[in-house]
Amino acid sequence: MTLLEQQQRTAPPRRPGPISLPLGLLKTARPRQWIKNVLVVAAPAAAGELFTRQTAIQLVLVFCLFTAAASAVYLINDARDAEADRAHPDKCRRPVAAGQVPVPVAYAVGGLLAVLAPAAAAFLCTPMTSALLTGYVGMQLAYCISLKHVLVVDLVVVTTGFLMRAMIGGVALDIPLSRWFLITTGFGALFMVSAKRYSESVRMADAEGELGATRALLTEYTTGYLRFVWQLAAGVAVLAYCLWAMEEGGTGLLPWRQLSMVAFILAILRYAVFADRGTAGAPEDVVLRDRPLALIALVWVGMYGLAVADL
């Protein structure tokens, strides 16, 4: 470590300016992660309920509320970990750790969003939507405080976060959630989460003794165990999707729902390539950066759309 880096880490936090503070709060809210919240359309899309103006307005509202709730967790997490982040080679650049956002401000804004998002959902959506958001915030805060240090439970919590995103659109619109939809989504999320953990473990194991520098819990997992988890989750997700697709038949020109199984399986197989190589990072990065995978995803969306439209 150079002398300049040591001085930067040990220097007192900078006083935020009038513009830097809002920008720091926005950066702490992780705008890049907001793409995950597009999953709120999953249940209405699966049920073919996306084609009315009222539905679209409601889903935009739910997206904003879930984004506010997730941002609250990021703000509180960074405020809580500010001291530890200042000693980290990468996390020291986070606005709270760098002093761009004072710790009390991050706590205050995060706490305000954590309260307002479920409260707004109760008035603007349904009580169940508010309950789901409250459960999400509580679970994620528990994860930040202690659950991220508990074997297996950390995988379950992150996976459940994805599942809640996929459920909340249906809950807000009072759409019954198919059991196969929930199983496919849950194990699909577990597949991506465990593939990411496996990739992190492989990369840090290759970094000569730095295993656990980013996620301390990775020292407790073996790469063999994480490989087993993502392979098991991929198999269950494929099986559940096939059963879901075969459950209903259409009267359209072609059996689009059944044909979509091909695209879904290809997507899983393509994603597994990156998991096996140890290069499966954040799910949104994998999908957006790999053109073949993005193309397969578009083909699947088209086939499923035709199945819902019964064309």
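So, a few notes on the structure that sits alongside this text. (Residues numbered from 1 in each chain as written. Predicted model: local features only at pLDDT ≥ 70, side-chain atom pairs only at ≥ 80, totals over all residues. Heavy atoms only, no water.)

Negative phi characterises most residues that are not glycine, and trans characterises most peptide bonds. Even without being a glycine, Val-152 presents a positive backbone phi close to 70°. With respect to the secondary-structure elements, Val-152 resides in the loop between α8 (127–145) and α9 (153–172). Of note, Asp-174 is a non-glycine position whose phi angle comes to about 55°, a positive value. Here Asp-174 lies in the loop between α9 and α10 (179–205). (Helix = DSSP H or I, 4+ residues; strand = E, 2+ residues; numbered from the N terminus.)

Attention shifts here to the side chain of Gln-140. One can find Gln-140 in helix α8. The residues touching Gln-140, leaving out its near neighbours within four places in the chain, are Val-73, Val-157 and Gly-161. (Contact = heavy atoms within 4.5 Å.)

On to the pattern of salt bridges. Think of it this way: side chains of opposite charge can pair up when their charged atoms draw near. Throughout the structure, instances matching the rule amount to ten salt bridges. Look at the salt bridges and you will find they share partners, linking Arg-30, Asp-78, Asp-85 and Arg-94 into a network. (Salt bridge = Lys/Arg side-chain N within 4 Å of Asp/Glu carboxyl O.)

Moving on, we come to a nonpolar patch on the surface. A contiguous nonpolar surface patch, about 510 Å² in accessible area, is contributed by Leu-151, Val-152, Val-156, Tyr-225, Phe-228 and Leu-232. Among the elements that line the nonpolar patch, the one with the most residues is helix α11 (residues 223–247), at three residues. (Patch = residues over 30% accessible without salt bridge, like charges linked within 9 Å, V, L, I, M, F, W, Y side chains within 5 Å. Areas by Shrake-Rupley, 256 points an atom, 1.4 Å probe, with all protein chains shown as cover.)

For Leu-151, the location among the structural elements is in the loop between α8 and α9. By relative accessible area, Leu-151 is classed as partly exposed at 37%. Taking the C-alpha atoms as reference, Leu-151 lies 7.8 Å from Tyr-221; in sequence the two are 70 residues apart. (Buried < 20%, exposed > 50% of the residue type's maximum accessible area, 1.4 Å probe, protein only.)

Relative to the helices and strands, Leu-218 resides in the loop between α10 and α11. Judged by relative accessible area, Leu-218 falls into the buried class, the value being 1%.

This part takes up α11. Taking 1.5 Å as the rise per residue, α11 with 25 residues should run 36 Å; its terminal C-alpha atoms sit 36 Å apart, in good agreement. Within α11, burial applies to Leu-226, Val-229, Trp-230, Ala-233, Ala-234, Ala-237, Val-238, Ala-240, Tyr-241, Cys-242, Trp-244 and Ala-245. (Expected span 1.5 Å × (residues − 1).)

Before going further, it helps to examine the packing of helix α4 (residues 53–80) against α8. Two elements in contact, α4 and α8, have axes separated by 10 Å at closest approach and are oriented at 20°. Classified by the angle their axes make, α4 and α8 are roughly parallel. With respect to the hand of their crossing, α4 and α8 are arranged in right-handed fashion. Where α4 approaches α8, its residues Leu-65, Phe-66, Ala-69, Ala-70, Val-73, Ile-76, Asn-77 and Arg-80 are matched on the opposing element by Leu-133, Tyr-136, Val-137, Gln-140, Leu-141, Cys-144 and Ile-145. Classifying every residue of the contact of α4 with α8 by side-chain character gives twelve nonpolar, two polar and one charged. (Axes fitted to C-alpha atoms, helices over the stretch in contact; angles between N-to-C directions. Parallel < 35°, antiparallel > 145°, perpendicular 65-115°, else oblique. Left-handed = near helix turned anticlockwise from the far one by under 90°. Nonpolar A, V, L, I, M, F, W, Y, C, P; charged D, E, K, R; others polar.)

Functional significance is not addressed by these values, which are geometric in nature.
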